[in-house]
Number of protein chains: 2
Amino acid sequence: MSSIDRRDFLKGGAGAAMALSGISPNILMGQDDRTVRIGIIGVGGRGRSLLRLLLRRGDTVVNAICDINPEAIQRSVDMINEAGAATPTQYLNGDEDFRNLVQRDDLDAVIIATPWLWHTDMAVAGMKAGKAVGVEVPAAVTIQGCWDLVNTSEQTGIPCMIMENVCYRRDVMTVLNMVRQGLFGELIHCQGGYQHDLRGIKFQPGAEFGPGARGEAVWRTHHSITRNGELYPTHGMGPISKCLNINTGNRFETLTSTATKARGLHNYVKAEGGEDHPNADIRFKLGDVVTTVIKCANGETIMLSHDTNLPRPYSLNFRVQGTKGIWMSDNRSVYLEGVSPEPHQWEPFSNYSEQYDHPLWKRHTAESEGAGHGGMDFFVVHAFVESVKRQIPPPIDVYEAASWSVISPLSERSIATGSSPMHFPDFTRGEWSRRVSSFAHTDEY
Amino acid sequence: MSSIDRRDFLKGGAGAAMALSGISPNILMGQDDRTVRIGIIGVGGRGRSLLRLLLRRGDTVVNAICDINPEAIQRSVDMINEAGAATPTQYLNGDEDFRNLVQRDDLDAVIIATPWLWHTDMAVAGMKAGKAVGVEVPAAVTIQGCWDLVNTSEQTGIPCMIMENVCYRRDVMTVLNMVRQGLFGELIHCQGGYQHDLRGIKFQPGAEFGPGARGEAVWRTHHSITRNGELYPTHGMGPISKCLNINTGNRFETLTSTATKARGLHNYVKAEGGEDHPNADIRFKLGDVVTTVIKCANGETIMLSHDTNLPRPYSLNFRVQGTKGIWMSDNRSVYLEGVSPEPHQWEPFSNYSEQYDHPLWKRHTAESEGAGHGGMDFFVVHAFVESVKRQIPPPIDVYEAASWSVISPLSERSIATGSSPMHFPDFTRGEWSRRVSSFAHTDEY
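These notes cover the structure that comes with them. (Residues numbered from 1 in each chain as written. Chains lettered and ligands numbered in written order. Predicted model: local features only at pLDDT ≥ 70, side-chain atom pairs only at ≥ 80, totals over all residues. Heavy atoms only, no water.)

Another aspect to go through is empty space enclosed by the protein. Evaluation of the coordinates by the stated rule reveals 10 cavities of 30 Å³ or more. Lining the second largest cavity are Gln 191, Asn 317, Phe 318, Arg 319, Met 328 and Asp 330 of chain A together with Gln 191, Asn 317, Phe 318, Arg 319, Met 328 and Asp 330 of chain B. Here the residues of the lining of the second largest cavity sort into four nonpolar, four polar and four charged. (1 Å grid on protein atoms, 1.4 Å probe; cavity = no way out; pocket = protein on both sides within 12 Å on 5 of 7 lines; lining within 4 Å. Points joined across faces, edges and corners; volume = space filled by probe spheres on them. Nonpolar A, V, L, I, M, F, W, Y, C, P; charged D, E, K, R; others polar.)

Next comes the structure, spelled out in structure tokens:
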């Protein structure tokens, strides 16, 4: 498979709609023996985690890898060799060497797992070179970057999937299944977010970040110095967006964001490095808690909480609420009117997790064991690979990549203007009301 | 005690500051044998609940009651007689008869427990007649109404306490105690709200409301038809405001509000009354879930959730989060960095409820038993009576009555203008940064 059939890959025409809604048998037939040839751009911690999942599959081969860090390259080569596969071609000649990787003619797809600021350029380069793109979150950090992704995908006919793994978390897929079966009635309000104490990740070791630091501290912390907004919306938004059919019958219309003062990172630097540590002079711009409220075209609201600088237990803050009931992740509970045993009383969500376990999870439980983040990483890789192999639109597409990622720059603008409401671009150019969801309607991918 | 000593009652001068911060002994001395003479305006369900608490005390006498409903009057008279007290003078000659009650010269105070739209006029009339006012929540429903309360209180020198009982809920007082002892560090973000399925209260019986219906359905439902906003902010905001020292070193600066579509009430009417019920034609204006985000002068944010039209378990949505830890009511959990046993893991809030039980609760547990709403109603009545008896400013005052109540009209304006940010009036006229909290600093009241 040296090139992807571009027909109906993106546009939501009749053929795509058929593929999207039901997976036409003749599209699937005889395709399972194909091998998808993949290049990975960025083989740090996250890239190698995805690599490991690709190596466990029988239908992929990693022909090329790219990173600016020789150690990351070597560790990846070792992993590939240990898996019994051929040594990949290595691109480690500086920041722009990924452009050489995407030009190879022995790749069907590229997966991008680099620092955020590189995602858009790499995805655009991949699509322009005819490679299906799987890009880590967020896909872009500017409004223009979001449009670049959409425009490039539409102009080239090449898909771009945002690799949002939380869409495949088992509990949220169970909830999606329940939503689709009508258990919550008409959805009214949802919540999500990213509530994760990242202080030990933004500074590593001690109070250090930037060049010479470890892991994501090399690049991620910089965003907390220069930006104030909902910087990491997709983990919380992905599953909610699927429940609310964003871009497939619904869309985000406006948002407001409000940020608290910034205290957590400065305090952490002082605690870890002392009052005189040079990083104690930094003025971090990112408010410790950023609250974003989104209004949807169909009248629902979504509240996102971004909370990464303070001591707190991890939580993605999920809540899905409709006219018949409500699910909340923080207390692992659900209430369904007329179904739950006691009126107005929560019952454990576990009462529903077996009956409404999503078919995808039922089928692939064994394969997902040991995959990252509780198994959900298996599914997001699986979905990407299957969509390339079957030459069908990815179940999380470029419009979602743009719509979810644009929350960050819109949120920054809202905060910078005193929480003024910001209007979402319609990346589908009016198609949102007609487009059909292709996400997880079967147990296939 | 035929009139209240107006000196230092309100203004935060040196004398008031002394009274506020430490309760000067000479103010208290010899005052405990006084009897506070009270008139109650509105003796429906809520008014009689407060009446019952007054009748349990040895330091109050209810000399007058007022209601437009003869049955409510009679039930109240019976309660008073059964308690062995003299029959009160009864004012039941229509909507305006409360004006005659407040003119009596045998009253020190009036308590107002009428439908929301009457609160402000009655409080203003009470203050103008020289009676200390305790008013149920909300104290006003318009911005002008909030100013009317503040202006009247300042012009007359008569206090107006908003009777926000949730300020005295045992768990939130424990948290306040922990906040004041620094366990959460510097506060950053808080949450509150009113998440209470009121459908069975807004319609009673069946799908009925308005004249002829039962209980609050007579008047409360109307607000859901004509208004879209955070209609009931004080239960969630009261305790948060106390934690954040609003109007005593801090203030609300701006808010945004966003409302969902309105589905719950219409669906309920259809379910209870059938498709052809006349109330099925009503277009309810109140969005089912209204999310409000407030920014404070000291940089904290507050998120309020108003959610009264959908099936759901009751929750006031509390969260208090600072640089050292976080409390959340929905999972009854707390996390304090370096204190909680497991890093990044919740522990039960009950681990702290005994050690940090507020002195007020420790002292008055027995007296609060059987009082409404889990005992907290005892404390709000106690605080009002004690502040009148001691001739000191009430611990929840007219500035809080205005600042909390104004959230509703500001929220309505924000929603009506696409979630535009609204600026809070500074009801303290610049005094907020110098004023001192008098709320629950001792075990007295």
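Turning to the pairing of strand 5 (residues 132-135) of chain A, a few remarks are in order. All names here are of chain A. Burial along strand 5 is two-sided: the face carrying Ala 132 and Gly 134 and the face carrying Val 133 and Val 135 are both buried. In this structure, strand 4 (residues 109-112) lies alongside strand 5, joined through four bridges in parallel fashion. Bridged to Ala 109 within strand 5 is Ala 132. Between the parallel elements strand 4 and strand 5, the chain passes through helix 6 (residues 119-128) in a crossover that is right-handed. (Buried < 20%, exposed > 50% of the residue type's maximum accessible area, 1.4 Å probe, protein only. Helix = DSSP H or I, 4+ residues; strand = E, 2+ residues; numbered from the N terminus. Pairing = 2+ DSSP bridges. Right-handed = clockwise from strand over helix to strand, strands pointing away.)

A few words now on the nonpolar core. Core analysis: the largest hydrophobic core is formed by 120 residues, its most contacted members being Tyr 168 and Phe 252 of chain A. With nine residues, helix 15 (residues 376-389) of chain A is the single largest residue contributor to this core. When we break this core down by domain, the ones giving at least three residues each are domain 1 (6-165) and domain 2 (167-358 + 398-433) of chain A. Counting residues in each nonpolar core, the second largest holds 119 residues, with Ala 125, Ile 162, Val 175 and Tyr 445 of chain B among its members. (Core = buried A, V, L, I, M, F, W, Y, C linked by side-chain atoms within 4.5 Å. Domains from an automatic or database assignment.)

In this section: the pairing of strand 4 (residues 109-112) of chain B. All names here are of chain B. Neither face of strand 4 is open: one carries Ala 109 and Ile 111, the other Val 110 and Ile 112, and all of them are buried. Alignment of strand 1 (residues 36-41) against strand 4, held across four bridges, turns out to be parallel. Following the sheet pairing, Ile 41 is matched in strand 4 by Ile 112.

Time to look at the sheet that holds strand 8 (residues 252-259) of chain A. Residues and elements named next belong to chain A. Strand order in this open sheet of nine strands is 14-13-12-11-7-10-9-8-15, and the pairing throughout is mixed. Looking at strand neighbours, the two that pair on one side only are strand 14 (347-348) and strand 15 (422-423), the edges of this open sheet. The pairing of strand 8 with strand 9 (residues 289-296) spans seven bridges and is classified as antiparallel. In the sheet register, Thr 258 faces strand 9, and the bridge partner there is Thr 291. Across the sheet, helix 8 (residues 170-180) is in contact with strand 7 (187-195), strand 11 (319-322), strand 12 (325-328) and strand 13 (333-336); its angle to strand 12 comes to roughly 170 degrees. Of the strands in this sheet, strand 8, strand 9, strand 10 (301-307) and strand 15 are in contact with helix 17 (residues 407-416), which crosses strand 8 at around 55 degrees. (Contact = heavy atoms within 4.5 Å. Axes fitted to C-alpha atoms, helices over the stretch in contact; angles between N-to-C directions.)

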